[in-house]
Amino acid sequence: MTSATVTPDRPGVRAGFVHLLHAEWTKFRTIRGWVIAMAVAALVTVLLGLFSAQGSHSSCAGGPAGTACPAVPVGPGGEAVNDRFFFVHRSLTGDGSITVRLTSLTGIITYPPPNHDAIVPGVVPWAKAGVIIKDGTRPGSAYAAVVLTGRHGVRMQHDFTEDTAGRPGGVSAASPRWLRLTRSGDTLTGDESSDGTHWTRVGTAHPAGLPSTVQLGLLVTSPGDLTVKQGALGGSIEQERFTQATGVFDHVTVRGETPGGAWSHDEVGATDEKTDWERYHRPTGVEESGGTFTVTGSGDIAPRGSGGGMRIENTLTGVFAGMIVLVIVAVLFITVEYRRGLIRTTLLAGPRRGRVLAAKAIVIGLVAFVTGLVAAVVAVPACTHILRANGNYVLPVTRPTELRVVVGTAALLAVAAVFALALGALFRRSVAAVTAAVVVLALPHVLATASILPEGAAQWLLRLTPAAAFAVQQSIPEYPQVTGHYVPQDGYYPLAPWAGLGVLCAYAALTLGLAVLRLRRRDA
């Protein structure tokens, strides 16, 4: 007589897996030490963040510790920005345009001490000279501009983060560049030309909430010149030198309704804090002669990088300690059963080995996620408040970015716990599994961010190892139109936030798959 194999229907399969989940959850919550450890993981994460924030003090202009620095401009998108440039402008109400011919863009770069009086000619790559329409002269207000840059050709930029490339090349008296910016309702259109007759569209923009009356005119700005040297003991040393650019404009034509026809000039975003070179040498400004404007400016119109203040991920310094506690619990969740000989009982209750391990992974992953979420929700606002009270400037981020950092941290801890569980199932020894998990999760991150390794090696570590997942905490993005030192030690990761977390997910899935194979072969 032939026996038949009965395959359970889908509802039965689902009911069986739900039973496994309930059984694994019951195991976890009945071990008081594990539950307490989860509470300790959350508490350690919060307390270490609070301790770090309390010990961080900052002040400006030689003031006492805890004296807050002046507020940094915030752009229309909620990000911290640099908004300093020399602006020759007049009012425009309604629709209109400004057209200019740019015949020269030159610059200078100063040397740092002890040669701070030495200067060399040169234009930095992102120096800008061109035309702009802006919501007044308040730093951080909405704008759109068509500019020629030092080494990146013509660009149309608006609201600090948006950048569209035009034609490459530079400018000279023999090869001038014509620039035009036109307003039609809420739409600003940028065009360029080599002869003032045949025009090429650069791009269009819709700056946030431009009023009926705006300021339009000429701008010149020049960001600092960044040089990076390799450190003797690894890592790198950054130096930023003061620069200045000068643009020469003629054939300046404004069309449209203008309440006042006279030109005004302002150094937008200027402060009393100036370098020695700015105090004693050529100032920024404008010279007008026979319809030709020679405008000199310094600064930048761009998003502010992570070097401009503390980041919200700085409030989560306790995550490493919390993760180690979670890793230990996750490993014990499986190795205890092997040590006490209970694994066979578990497998008798759930003969399908893969489903048993999947149930354990879901339970420990969800518990770790909730633990990390609670810790991050408490730590981020509390530590941010303390940092600001101590005079630190915390770079603002949008609500979606803050949510991604908080939820991403919880997801990082959850996947790390699943990865540790899988290692425990593979090694079946607590010490070996915990050591392996901590080494591959934490050590690459420490080596990459502590200025120990060369930059290239640090970048590759955070691409290829599970530590890539910490990219999910990066709150300040890298902007191609901003010169910066985008390395892990400054809070920048080589992978996008969710892509970095995806690397850890891939390691966890692979290790879990290997653990299932071993479980089927060795415990059949």
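To be clear, the structure that these remarks concern was listed above.
Parameters and conventions
Residues numbered from 1 in each chain as written. Predicted model: local features only at pLDDT ≥ 70, side-chain atom pairs only at ≥ 80, totals over all residues. Heavy atoms only, no water. Helix = DSSP H or I, 4+ residues; strand = E, 2+ residues; numbered from the N terminus. Buried < 20%, exposed > 50% of the residue type's maximum accessible area, 1.4 Å probe, protein only. Contact = heavy atoms within 4.5 Å. Areas by Shrake-Rupley, 256 points an atom, 1.4 Å probe, with all protein chains shown as cover. Axes fitted to C-alpha atoms, helices over the stretch in contact; angles between N-to-C directions. Left-handed = near helix turned anticlockwise from the far one by under 90°. Polar contact = N/O pair within 3.5 Å; in protein donor to acceptor, adjacent residues only side chain to side chain. 1 Å grid on protein atoms, 1.4 Å probe; cavity = no way out; pocket = protein on both sides within 12 Å on 5 of 7 lines; lining within 4 Å. Points joined across faces, edges and corners; volume = space filled by probe spheres on them. Nonpolar A, V, L, I, M, F, W, Y, C, P; charged D, E, K, R; others polar. Phe/Tyr/Trp six-rings, centres within 6.5 Å; stacked < 30°, edge-to-face > 60°. Lys NZ or Arg CZ within 6 Å of the ring centre and 35° of its normal. Salt bridge = Lys/Arg side-chain N within 4 Å of Asp/Glu carboxyl O. Expected span 1.5 Å × (residues − 1). Bend = angle between axes of the 7 residues up to and from the residue. Patch = residues over 30% accessible without salt bridge, like charges linked within 9 Å, V, L, I, M, F, W, Y side chains within 5 Å. Parallel < 35°, antiparallel > 145°, perpendicular 65-115°, else oblique.

If you tally the helices and strands in the protein chain, you get 10 helices and 18 strands. A buried classification covers 47% of the 524 residues belonging to the protein chain. Contacts in the protein chain between residues far apart in sequence, at least 24 positions, make up 75% of those at least 6 positions apart. In the form shown here, the protein chain has an accessible surface area of approximately 23,600 Å², with 60% of it arising from carbon and sulfur atoms.

Another aspect to go through is the packing of helix α4 (residues 319-339) against helix α7 (residues 399-427). Between α4 and α7, the shortest axis-to-axis distance is 8 Å and the interhelical angle comes to 35 degrees. Both α4 and α7 take part in a crossing whose hand is right-handed. For the pair α4 and α7, the contacting residues are Val319, Met323, Leu326, Val327, Ala330, Val331, Phe333, Ile334 and Thr335 in the first and Thr409, Leu413, Ala416, Ala417, Ala420, Leu421, Gly424 and Ala425 in the second.

Once that is clear, we can look at the environment of Lys128. Positionally, Lys128 belongs in strand β4 (residues 128-134). Look at Lys128 and you get buried, because its relative accessible area is 2%. Every residue in contact with Lys128, bar those within four places of it in the chain, is listed here: Val147, Leu148, Thr149, Gln157, Leu219, Val220, Thr221, Asp300 and Ile301. Of the polar contacts made by the side chain of Lys128, one reaches the side chain of Asp300; its length is 2.8 Å.

Mapping Asn392 onto the fold places it in the loop between α6 (353-389) and α7. By relative accessible area, which is 8% here, Asn392 ends up buried. Here the side chain of Asn392 touches Ser56 through a polar contact of 2.8 Å, landing on its backbone oxygen. When near neighbours in sequence (up to four residues on either side) are disregarded, Asn392 contacts Ser56, His57, Ser58, Met310 and Leu387.

Now for the layout of surface pockets. Here the second largest pocket defines a volume of roughly 280 Å³. A class-by-class count of the residues in the lining of the second largest pocket yields five nonpolar, eight polar and two charged.

Bringing the packing of aromatic side chains into the picture now. How two aromatic rings sit relative to each other is set out by the distance from centre to centre and by the angle between their planes. For the coordinates displayed, the defined rule picks out 10 aromatic pairs. Measuring from ring centre to ring centre gives 5.9 Å for Phe28 and Trp34, while their planes differ by 35 degrees; the resulting arrangement is tilted. In this structure, Phe28 and Trp34 share a single accessibility class: buried. Ring geometry for Trp263 versus Phe293: centroids 5.7 Å apart, planes at 65 degrees, classification edge-to-face. Here the residue Trp263 occupies a position in the loop between β14 (243-257) and β15 (264-268), and Phe293 occupies one in strand β17 (residues 292-297), the gap between them amounting to 30 residues. Given the relative accessible area of 4%, Phe293 is considered buried. An aromatic cluster is present here, built from Trp25, Phe28, Trp34 and Phe333 joined pairwise through their rings. When the ring centre of Trp263 is taken as reference, the NZ or CZ atom of Arg90 above it lies at 5.0 Å. Just above the ring of Trp460 sits the side chain of Arg463; from NZ or CZ to the centre is 4.7 Å.

Now for the pattern of salt bridges. Applying the stated criterion across every chain, the model contains 15 salt bridges. Ionic pairing is found between Glu24 and Lys27, a salt bridge with its closest N-O pair at 3.1 Å. Of this pair, Glu24 and Lys27 both sit in helix α1 (residues 10-30), three residues apart, which is roughly one turn of that helix. What you see here is one network of salt bridges that share partners, running through Glu24, Lys27, Glu337 and Lys360.

Moving on to empty space enclosed by the protein. Overall, the coordinates contain one cavity of 30 Å³ or more when judged by the stated rule. Along the wall of the largest cavity there are 12 residues; nearest its centre are Ala448, Leu453, Glu455, Ala458 and Gln489. A breakdown of the residues in the lining of the largest cavity according to their chemical character gives eight nonpolar, three polar and one charged.

This brings us to helix α8 (residues 430-449). Taking 1.5 Å per residue, 20 residues should reach 28 Å; α8 reaches 28 Å between its end C-alpha atoms and fits that length. Where α8 bends most, at Val439, the angle is about 30 degrees. Just past α8, the residue Ser451 takes up positive phi, approximately 55 degrees.

Taken together, the side chains of Val370, Val374 and Val378 define a hydrophobic patch exposed on the protein surface, amounting to about 240 Å² of accessible area. Within the secondary structure layout, Val378 lies in helix α6. Residue Val378 is classed as partly exposed on the basis of its relative accessible area, which comes to 40%.

Next up on the list: the packing of α4 against α8. Packing of α4 against α8 leaves a shortest axis separation of 9 Å and a crossing angle of 155 degrees. Relative to α8, α4 is oriented roughly antiparallel. In the crossing of α4 with α8, the sense of the turn from one axis to the other is right-handed. Taken together, the residues of α8 that come into contact with α4 (itself represented by Phe320, Met323, Ile324, Val327, Ile328, Val331, Leu332, Thr335 and Arg339) are Ser430, Ala433, Val434, Ala437, Val438, Leu441, Ala442 and His445.

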